[in-house]
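Chain by chain, the residues run as shown.
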Amino acid sequence: MKRFIIAAAAAALLMAPGAWAQDSLKPAGKWTAHQAGNAATPPMGWNSWNAFRTEVDEAKVMGAAQKLVDTGLAKLGYRYVNIDDGWWLKRRKSDGRMVIRTQIFPSAQPKNKKADTTFRPFTDKLHSMGLKAGIYSDAGYNACSQAYDLHSPNLPEGDTAERSVGLYGHVDQDIALYFKEWGFDYIKVDACGLNVYGPDREIVAKYQYQPFPPLIDSQSIGRTDVAKVKAIYSDIGAAIAKHNPDGDYVFSICNWGTSDVRSWGNEVGNLWRTSGDITPTWSRMLHTFDSASTRALYARPGAWNDPDMLFVGHGDFDANHLTEAKSHFSLWAMINAPLLIGYDLRDAPQSLIDIWGNAGLVRVNQDSGGNQAVLVHDTDDVQIFVKTLSDSNTKAVAIFNRGVADAEVTLTAEHLKLADGQDIKLTNLWTGEMTILSTEAPFKLKARETLVFEAAGPRALANGMYLSEIPGRIHVAEDGIVVRKPDPTVHQMISPWGGSTRGPGERPSYAGWGGAQADSTPYGQVLQISGQKFGSGIGVLSNSRMEVKAGKAFTRFEASVGVDDSGRTDGQGVKFIVYGDGRKLGETGELVYGTAAVALSVDITGVEVVELVAKSATEEQVVTWGDAKLLK
Ligand code: GLA
């Protein structure tokens, strides 16, 4: 309901001077999202870990690289060939230089045996094949294999200092070596060194590792030093940028969704893991997927949620389980996850090549708009995700049957935000089959099946874009979270590390609960202000600031705003303010729980960046920017 519209000049009179002092809520006047590296679309390629763990070697990696080229997967975009844990021999004592295990990477052995080992021939070879090269390290002194793969034949050797192969204390030296001297284009930086090498740990005493008082407690955000972890990754990011003046690099943060990386990963790297490791089981896949699938507003071109690498080809996703394998791949494509194959490609059956090679799904994943799919229908059984493609009349939609029973599903024009009653052409991206949907269409899904369609039709909002359709153009600069709480909606499986039910089970640990969401409140409820429901909009906590790239392409911003019905009934008021390139364009008075939605409508002609600020004195009031939209 439109109650009143306040223009900037009049609104100034309503402001209580000094009432809202939070600095981070001041308009930036520009798009401040970190833009570095080469990840305009989600990285694609191959990584050795899910195929070989530490038993990686040059023949295996080159075999994968050759197969990427020969099968046409490279042409489709699978460009990065990434070595994971296991490549190192030691850190040289005399000068700290890293030494490669040439037994498994023979091309790294220089002709003159006294010269330094080098990955240059390896990366040159990949580059000559039109591919790019990735390497792996850890942010602490030691890597994960040194704690978890103790029987590996490829663990670093030597004394304590020689086996301290991680970046800690050598950031500039190692990054210069990996990028400038060896010519890598991509680095994944793990976090076991910040996590499991505390002075009181058995492995530290037993293997005489350099102790590192843990900064990360994976089970407790309170016992994690978020600021320090962020600072360590930021230093690494700065070194990577310094040694890659052309900006052609990818920085992958691998701290498994800990340390509140949701709130800073996109300021520091190009992708950040949102969960612990994936395993080739359905329930673990659900877990890693859930940790990323409701965080569309935190990703955008250059910065992607990473639910971990693909496990297509193994276990529940092997060639005998193509329904599951296709679901896994479809879901990763839809949420703009990196598509990193984790399979020994040298003997991959065609049925698997066809999954990675699904050109329609790769196109969806690589769409230049960078809009992560938004959850538009949610149950524990079936979810529907919709992703707006850069040709805004086209959507990709995934209907995902999470469960073990067949499901009957109705897809509606409303889910798609396409015009009701008009012809919407659905193309099945697995079969090529076409269907026409007008108002709604029924589908039958097998257990664990995912149907994916490209949907083309006239838009419901003909003359503009709902903000929830364009998460790739939104930067959540401040999301208002004060108390970091684990997200209870992420699927919890029986521990994959031993498959037992001893103890209380893995409890929620990802501290993303309460973050900004598209078409939902921050706590997963339907958007609703004083009884009025909104199918479209942004849900966020108060004391938040979001930047929206309007790009001078629109003339009006409109939204119906207010305290959401899922908020605190006793909370104080919230003021909503809209800025355009730093200028205040409109604001509301102080709105309290139960107040009907207030219509904001402001002129944004010529505006590059719209900023949406919601301020309150109390913490954690739930607010709704209902039907928030940019109009032509
Ligand atoms: C961690 C990471 C994995 C892999 C291994 C290597 O578990 O999350 O992706 O890199 O370490 O040891």
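Being a predicted model, the structure only gives us computed values, none of them experimental. (Residues numbered from 1 in each chain as written. Predicted model: local features only at pLDDT ≥ 70, side-chain atom pairs only at ≥ 80, totals over all residues. Heavy atoms only, no water.)

### Overview of the overall build of the chain
Helix and strand content of the chain: 15 helices and 31 strands. For the chain, the C-alpha radius of gyration of 25 Å lies close to 26 Å, the compact-globule estimate for 632 residues. Dimensions of the chain, computed from the C-alpha atoms along their principal axes, are close to 80 × 60 × 50 Å. Counting over 632 residues, the chain shows a buried share of 60%. Residue pairs at least 24 apart in sequence account for 74% of intrachain contacts in the chain once pairs closer than 6 positions are excluded. Accessible area for the chain stands at about 23,300 Å²; split by element, carbon and sulfur atoms hold 50% of it. (Helix = DSSP H or I, 4+ residues; strand = E, 2+ residues; numbered from the N terminus. Rg over C-alpha atoms; globule rule 2.2 N^0.38 Å. Buried < 20%, exposed > 50% of the residue type's maximum accessible area, 1.4 Å probe, protein only. Contact = heavy atoms within 4.5 Å. Areas by Shrake-Rupley, 256 points an atom, 1.4 Å probe, with all protein chains shown as cover.)

### Some remarks on the site of the ligand
Among the 13 residues in the neighbourhood of the ligand, the closest are listed as D84, D85, K188, D190 and D277. Measuring from an oxygen atom of the ligand, one finds a side-chain N or O atom of D85 at 2.7 Å. The separation between an oxygen atom of the ligand and a polar side-chain atom of D277 is 2.5 Å. Relative to its free-state accessible area of 300 Å², the ligand is covered by the protein chains to the extent of 95%. (Near = heavy atom within 4 Å. Polar contact = N/O pair within 3.5 Å; in protein donor to acceptor, adjacent residues only side chain to side chain.)

### Concerning the state of the cysteines
On inspection of all chains with the given rule, the structure shows one disulfide. Across the disulfide, C144 is cross-linked to C192 (sulfur-sulfur distance 2.0 Å). Torsion about the S-S bond of the C144 and C192 cystine: about 100°, corresponding to right-handed handedness. Here C144 is found in the loop between β5 (132–138) and α6 (145–148), whereas its partner C192 is found in the loop between β6 (186–190) and α8 (202–207), with 48 residues between them in sequence. The exposure classification of C144 matches that of C192, with both residues buried. C254 takes part in no disulfide bond, and the closest cysteine sulfur, belonging to C144, lies 6.6 Å away. Judged by relative accessible area, C254 falls into the buried class, the value being 1%. (Disulfide = S-S within 2.5 Å.)

### With respect to the packing of aromatic side chains
Geometry of an aromatic ring pair is reported as the spacing of the ring centres plus the angle between the planes. Under the definition given, this model contains 32 aromatic pairs. Judged by centre distance (6.3 Å) and plane angle (25°), the rings of Y233 and F251 are stacked. Taken together, the residues span a long stretch of sequence, with Y233 in helix α9 (residues 226–242) and F251 in strand β7 (residues 250–254) at a distance of 18 residues. Each member of the pair, Y233 as well as F251, is classed as buried. Arranged with centres 5.9 Å apart and planes meeting at 45°, the rings of Y343 and W356 form a pair that is tilted. Taken together, the residues span a long stretch of sequence, with Y343 in the loop between β10 (339–341) and α13 (350–356) and W356 in helix α13 at a distance of 13 residues. Like Y343, the residue W356 is buried in the burial classification. (Phe/Tyr/Trp six-rings, centres within 6.5 Å; stacked < 30°, edge-to-face > 60°.)

### Quick word on the environment of S536
As for its placement among the helices and strands, S536 is situated in the loop between β23 (532–534) and β24 (537–541). Each C-alpha atom of the pair S536 and E506 lies 34 Å from the other, and the pair is 30 residues apart in sequence. The contact partners of S536, leaving out residues within four places of it in the chain, are K417, Y466, S468, D519, L527, G626 and D627. A polar contact is formed between the side chain of S536 and the side chain of S468, at a distance of 3.2 Å.

### Some words on the packing of helix α7 (residues 171–181) against α9
Packing of α7 against α9 leaves a shortest axis separation of 9 Å and a crossing angle of 40°. As judged from the angle between their axes, α7 and α9 are oblique. Crossing of α7 against α9: the hand is right-handed. Where α7 approaches α9, its residues V171, D172, I175 and F179 are matched on the opposing element by D235, I236, A239, I240 and K242. (Axes fitted to C-alpha atoms, helices over the stretch in contact; angles between N-to-C directions. Parallel < 35°, antiparallel > 145°, perpendicular 65-115°, else oblique. Left-handed = near helix turned anticlockwise from the far one by under 90°.)

### Here's the deal with the side chain of T123
Considering the arrangement of structural elements, one finds T123 in helix α5 (residues 120–128). Apart from residues lying up to four places away in sequence, T123 is in contact with A133, W182, G183 and F184.

### Quick look at the pairing of strand β11 (residues 374–378)
Two strands pair when backbone bridges link them, and β11 and strand β12 (residues 382–388) are joined in this way by four bridges, in the antiparallel orientation. Residue D378 lies in a different strand from β12, and its bridge partner there is Q383. In this antiparallel pair of consecutive strands, β11 and β12, the connection spans three residues. (Pairing = 2+ DSSP bridges.)

### Observations regarding the pattern of salt bridges
Applying the stated rule across the entire model yields 35 salt bridges. One salt bridge connects R101 with E157, and the closest N-O pair in it is separated by 3.3 Å. Here R101, found in the loop between β4 (98–100) and α5, pairs with E157, found in the loop between α6 and α7; they are 56 residues apart in sequence, far enough to count as distant. Judged by its relative accessible area of 3%, R101 falls in the buried class. Among the charged side chains, a network of salt bridges with common partners joins R92, D95, R97, D116 and E181. (Salt bridge = Lys/Arg side-chain N within 4 Å of Asp/Glu carboxyl O.)

### Some thoughts on the sheet that holds β7
Ordered in space as β9-β8-β7-β6-β5-β2-β1-β10, the eight strands form an open sheet in which the pairing is parallel. Looking at the sheet topology across the chains shown, the edges are occupied by β9 (304–306) and β10. Neighbouring strand axes in the sheet, compared pairwise and without regard to direction, differ in orientation by 25° on average. In this structure, β5 lies alongside β6, joined through five bridges in parallel fashion. Bridging from a neighbouring strand, S137 pairs with V189 of β6. Contacts from α9 reach β6 and β7 within the one sheet, and its direction differs from that of β7 by about 165°.

### What about unusual backbone geometry?
Even without a glycine there, the phi angle at D308 is positive, about 90°. Its place among the elements puts D308 in the loop between β9 and α12 (322–334). In the Ramachandran plot, D581 falls in the positive-phi region, its phi being about 45° despite a non-glycine side chain. Note on placement: D581 falls in the loop between β27 (574–580) and β28 (583–587). On the basis of relative accessibility, which here comes to 33%, the residue D581 falls in the partly exposed class.

### So, the sheet that holds strand β13 (residues 394–401)
The strand order β11-β12-β13-β18-β15-β16 describes an open sheet built from six strands, whose pairing is antiparallel. Pairing within the sheet leaves two strands with one partner each, and these edge strands are β11 and β16 (434–437). Direction aside, the axes of adjacent strands within the sheet are offset by 25° on average. Here helix α11 (residues 282–293) sits on the sheet and contacts β12 and β13; the angle it forms with β13, its principal contact strand, is near 140°. Helix-sheet contacts for α12 involve β12, β13 and β18 (450–456), and the interaxial angle to β18 is about 40°.

### A short note on the nonpolar core
Grouped together as the largest cluster of nonpolar side chains are 111 residues, with contacts concentrated most on W87, F105, Y178, Y233 and W356. Per-element accounting of this core gives the leading share, seven residues, to α9. Every residue in contact with F105, bar those within four places of it in the chain, is listed here: V56, D57, E58, V61, I83, W87, I100, F119 and F122. Ranked by size, the runner-up nonpolar core spans 35 residues in total, among them Y298, F576, L612 and L630. (Core = buried A, V, L, I, M, F, W, Y, C linked by side-chain atoms within 4.5 Å.)

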